[in-house]
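Descriptive structure summary
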Amino acid sequence: MSKDVFIFIEQRDNKIQRVGYELLGEANSLAQDLGQKVIAVMLGSGVSAHGEELIRYGADEVIVVDHPILKEYLTEPYTKALTAVLQSREPEIVLFGATSIGRDLAPRIAARIKTGLTADCTALSINPDTKLLMMTRPAFGGNLIAVIQCKNHRPQMATVRPGVMQPMERDDTRKGNIGHVDVAFDETDQAVEILEIIPKIKKTADIVQAKCLVSGGRGVGCSENFKVLRSLADVLDGEVSGSRVAIDSGWLDKDLQVGQTGKTVRPELYLACGISGAIQHVAGMENANCVIAINKNETAPIFGVADLGIVGDLHVILPKLTEAVKQAKAKGISYTAPAAQQHVGLENILYHTQNGIAYLTINRPQQLNALNIKTLTEIDSIADKLQKDDSIKVLIVRGAGGRAFVAGADISQMRDLSEEQGREMSLMAQGVFDKLKNLPQIVIAAVNGYALGGGNELAMACDIRIASSRAKFGQPEVNLGLIPGFTGTQRLSRLVGDGDSKRMIFTTDMLSAEEALRIGLVNAVVAPEGLMRTCRDLALKIMSKSIYAIQLAKRSINEGLALEFHQGLLVENDYWTECFKETGDGREGMTAFVEKRPADFNRVEKS
Ligand SMILES: Cc1cc2nc3c(=O)[nH]c(=O)nc-3n(C[C@H](O)[C@H](O)[C@H](O)COP(=O)(O)OP(=O)(O)OC[C@H]3O[C@@H](n4cnc5c(N)ncnc54)[C@H](O)[C@@H]3O)c2cc1C
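Turning next to the overall build of the chain. Of regular secondary structure, the chain possesses 19 helices and 27 strands. Over its C-alpha atoms, taken along the principal directions, the chain stretches across nearly 90 × 65 × 45 Å. By sequence separation, contacts in the chain at least 24 residues apart represent 67% of the contacts at least 6 residues apart.

Structure below.
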C-alpha cells in the first residue's frame, strides 16, 4: 500500500538547495493531514552528513543513495537510483523542486513508475474527504488556476517552484532515521560523460533571496532609466528586478524576471514601479510582506495587491524617494517591513497596522500557535489599544506558519492548574474573546490551518471567518476530560445551532473547511494562497462603506443576540435612530443618494 510523502532533496556541489527545505516544510503539512511521515531522499557522493540537517528541517526519515556516479547530476543514474528507492517504498506523494534538475528528473521518473506529474505547482493541499493531493498550478497562459488530482495512479507527483513554499523553523530536538540504499550501477547507466563543468558566472543578484526588490516594468521606459531604480535599491540594500516586458525588451537579465515564467519572490519590501500588475506578474510577488506600487494609472490592477499605492510618474517619484531614504538613513532612521514589525513588549503576537487595517498574528508556529496565558494577555492588550484607536477600522487575526491558525490551548501549561486557577483561566479567556467580539473594529479571522479548541473559539470571537481550504475546525476538549471553556459551548451553539455544536463537541470530529462552511461556522473557503488577499479585499470593501453605520449594525447584532427578539428590536430601533442624528452618516448617505453622487462619509464630524 502506498504511503508517506517523499521529497527529492536536490544538492549541487554537495550543498542542499533551498527548495529542498521549502518542500520539507510543505510536506510536513501534507503528511500531517494524511497521518503519514515525511521522507527525504538525497542522491550524491559523500552526502550522508546532510541527513541530520534534513531531519531538523522536517524530515522524519532520510534515505541516502551515496555513489561516486551521483556526484554531479546526470539524468540516467539519477533516474535509476530514485526509481529504485521509490519502487521499493511505494510512496503516496513525491515532490520535486521545479528547478532545471527537477524538471528533467521528475517526468522521467513519472514515466518509469507509470504515474502522472503536475509540473510547476504553486500550492498543494490534501482534500479532507478523498485524501487526494490537490495540485494547484496556473493554466492557459496563467489566465486560469487549475487544481489537478491524480486519482488512479500512485505516487501522486508534483514539481513545485522554488520560493513558493516556506521552510519550517529549524528544530534541533527533532529525531529521525537515516538509512542508505545501495544501487548497483554499470557502464550502461551512463550514456553521457561529463567532460568539464564550467560554472556560470553569476552576473545578476539572486532575487529570490533578496529582502527588498525595486522592480520595474514597461513604465520605466528604457534600460538607461533603470539607473534610478538601482539607486533606490542601493540605499535600501535591495536588488533590482522586473516584469517580463522589462526582460523581453532587453533592459534586464532574464534571471531578474518576477512572475509565472520568472522567479517567485517573497521579499519584505517589493516596490513595483511602472508595472501594471498582470496576473502572471502578481503570481510571482503577491507573497511579499509589503508591496508599494508606483503607477501613473490609478486603475492599474497592481494597486489591488499593494499595501501602499502612489499614483504618479515614477521618474519624478523615485529620485525623491531615494533622496528621502538617504536623509532618513543619515538621521539614523532605519526601515523595517511592516509585516515583520513587532510591538515592543509582545512576545507571542506580531502586530502591525497599514492603511486602516490592523494585523494580529499569533506567532508560536512551533507550538501550532497554542494559546497560553501570555498569548491571551497580549491579545487583551492589543484589544485595549484598538478600543481607543479610531484610525483602525478592521482587524485581521491570523496564525503564523502554514499549519495552524491556533491549534488549541497550551495543555502543558493547563495541566498543572488547580481548580481555582482553572476557573480563572476560563474567565480570563472568555473576557479576552468577549472584548475582541465587541471591538468597534470589524474583526476578520483568516483561518489558515488548524482552528481547534481555543483556536475555534478565537475564530468565533471574530465577526467574519474566512478559511483556507486547508483549514480544519474542531472542539476536542472532551478527549482531555474537559469541556470548551473559552466561550465555546455558548458561542458554537449560537452560531451553528444545537445539533451541529453538540456533534462537534461530543464526537471531537475535525471538520474540513467545506464542512465548516456548510454548517455556517465559516463564511467562505478560499485557496490557501488567496486567503490574505481575500481578507484584505473584504476589509477594503467594508472600509469603503459607512464605517459608522457598520459599527452601529455590529453593536445592534451583538447586543440583540443576547436578548429576546422583541427586546432586540428595541436595541435596533435605538441604533437606527442614531443614524438620523446630525452627526450620523445617514444624512450624508441619503442626501448623496438623492443627489446621485458618491457619499463622502469622512465629511461628517462624528459625535
Ligand atoms: C504565459 C505567460 C506568462 C507570462 N509570464 C510573465 C512573468 O513571469 N512575469 C511578468 O511580469 N509577466 C509575464 N507575462 C506577461 C504579462 O501578461 C504582462 O504582459 C506583463 O507583466 C506586463 O508587464 P508591465 O506591467 O511591465 O507592462 P504593462 O502591462 O504595459 O504596464 C506598464 C504600466 O506602467 C505604467 N506606467 C507607464 N509609464 C509610467 C510612468 N512614467 N510612471 C509610472 N507608471 C507608468 C502604466 O500605467 C502601466 O500600468 C506572461 C504572459 C503570458 C501569456
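Further notes follow.
By size, the foremost hydrophobic cluster in this structure holds 65 residues, and its most contacted members are Ile396, Ile444, Ala446 and Val447. With six residues, the single largest contributor to this core is strand β22 (residues 442–447). Dropping the residues within four chain positions of it, isoleucine 444 is found in contact with Val394, Ile396, Cys462, Asp463, Ile464, Ile466, Cys535, Leu538 and Ala539. One finds Leu54, Ile63, Val65 and Leu105 within the second-largest nonpolar core, a separate group that totals 57 residues.

Let us look at unusual backbone geometry. In this structure, proline 155 follows arginine 154 across a cis peptide bond, with omega equal to 0°. On the secondary structure map, proline 155 appears in the loop between β10 (144–148) and β11 (156–160). Positive phi values are uncommon outside glycine, yet aspartate 237 reaches one of about 55°. Relative to the elements of secondary structure, aspartate 237 occurs in the loop between α5 (226–235) and β14 (239–242). Residue classification places aspartate 237 among the exposed residues on the basis of 11 C-beta atoms within 10 Å. A positive phi is found at threonine 508, a non-glycine position, where the angle reads about 60°.

Along its 17 residues, helix α8 (residues 314–330) runs 24 Å from first to last C-alpha, staying within 8% of the 24 Å computed at 1.5 Å per residue. Taken residue by residue, α8 has Leu314, Leu318, Leu321 and Thr322 as its buried positions. The arc that holds every buried residue of α8, seen down its axis, measures 100°, which confines them to one face. Exposed and facing more than 90 degrees away from the buried side of α8 are Val316, Lys320, Ala324, Gln327 and Ala330. Looking at the buried side of α8, the elements it contacts are α5, β15 (269–273) and β16 (290–295). One or two positions beyond α8, positive phi appears at glycine 332, with a value near 85°.

In this fold, arginine 266 is placed in the loop between α6 (244–248) and β15. With 22 residues separating them in the primary sequence, arginine 266 and alanine 288 have C-alpha atoms 4.4 Å apart.

Let us now look at the packing of helix α17 (residues 547–561) against helix α18 (residues 565–578). One can describe the packing of α17 onto α18 by two numbers: an axis separation of 9 Å at closest approach and a directional angle of 165°. The pairing of α17 with α18 is recorded here as roughly antiparallel in orientation. The interaxial crossing formed by α17 with α18 has right-handed handedness. Taking contact as the criterion, the partners of Leu552, Arg555, Ser556, Glu559 and Gly560 in α17 are, on α18, Gly568, Val571, Glu572, Tyr575 and Glu578. By residue class, the composition of the contact of α17 with α18 is three nonpolar, three polar and four charged.

This part covers the sheet that holds strand β13 (residues 212–216). Across the sheet, which stays open at both edges, the five strands sit in the order β14-β13-β15-β16-β17 with parallel pairing between neighbours. Both edges of this open sheet fall to β14 and β17 (308–311), since each of them pairs with a single strand only. Taken pair by pair, the neighbouring strands of this sheet meet at an average axis angle of 20°, ignoring direction. With four bridges joining them, β13 and β14 adopt parallel strand pairing. From the neighbouring strand, leucine 213 faces β14, where its bridge partner is glutamate 239.

What follows deals with the site of the ligand. In the vicinity of the ligand, 29 residues are found, and the nearest of them are Gly217, Gly219, Arg244, Gly259 and Ser276. Residue assignment for the shell around the ligand shows that the elements contributing at least two residues are α6, α7 (279–282), β16 and α8. The class makeup of the residues in the shell around the ligand is seven nonpolar, 18 polar and four charged.

Glancing now at the sheet that holds strand β25 (residues 472–474). Strand pairing in a sheet relies on backbone hydrogen bonds. The paired strands run either parallel or antiparallel. The sheet built from four strands is open, its strands ordered β21-β23-β25-β26 with mixed pairing. If you trace the sheet from one side to the other, it starts and ends with β21 (404–406) and β26 (511–512), each paired once.

For an α-helix, the turn length of 3.6 residues means that residues three or four places apart are oriented alike. Every buried residue of α5 is listed here: Phe226, Val228, Leu229, Leu232 and Ala233. Viewed along the axis of α5, the buried residues span an arc of 155°, placing them on a single side of the element. Where the residues of α5 are buried, they touch β13, β14, β15 and α8. Phi turns positive, to about 55°, at aspartate 237, one or two residues after α5.

Interaxial distance between helix α13 (residues 488–496) and helix α14 (residues 498–507) falls to 7 Å at its minimum, and their mutual angle equals 135°. What the angle tells us is that α13 and α14 run oblique. Seen along the crossing, α13 lies across α14 with a hand that is right-handed. In contact with Thr489, Leu492, Ser493 and Val496 of α13, α14 contributes Asp498, Asp500, Ser501, Met504 and Ile505. Residue classes in the contact of α13 with α14 are distributed as four nonpolar, three polar and two charged.

Structurally, glycine 356 is set in the loop between β18 (349–354) and β19 (357–362). Given 15 C-beta atoms within 10 Å, glycine 356 falls into the partly exposed group. Along the sequence, glycine 356 and glutamate 187 sit 169 residues apart, while their C-alpha atoms lie 67 Å from each other. Not counting chain neighbours up to four residues away, the residues in contact with glycine 356 comprise Ser391, Ile392, Lys393, Val394 and Met543.

Reading the values: the criteria
- Residues numbered from 1 in each chain as written.
- Predicted model: local features only at pLDDT ≥ 70, side-chain atom pairs only at ≥ 80, totals over all residues.
- Helix = DSSP H or I, 4+ residues; strand = E, 2+ residues; numbered from the N terminus.
- Contact = placed C-beta atoms within 7 Å.
- Core = buried A, V, L, I, M, F, W, Y, C linked by C-beta atoms within 7 Å.
- Buried ≥ 20, exposed ≤ 12 C-beta atoms within 10 Å, placed from the backbone.
- Expected span 1.5 Å × (residues − 1).
- Arc of directions from axis to C-beta.
- Axes fitted to C-alpha atoms, helices over the stretch in contact; angles between N-to-C directions.
- Parallel < 35°, antiparallel > 145°, perpendicular 65-115°, else oblique.
- Left-handed = near helix turned anticlockwise from the far one by under 90°.
- Nonpolar A, V, L, I, M, F, W, Y, C, P; charged D, E, K, R; others polar.
- Pairing = 2+ DSSP bridges.
- Near = placed C-beta within 6 Å.

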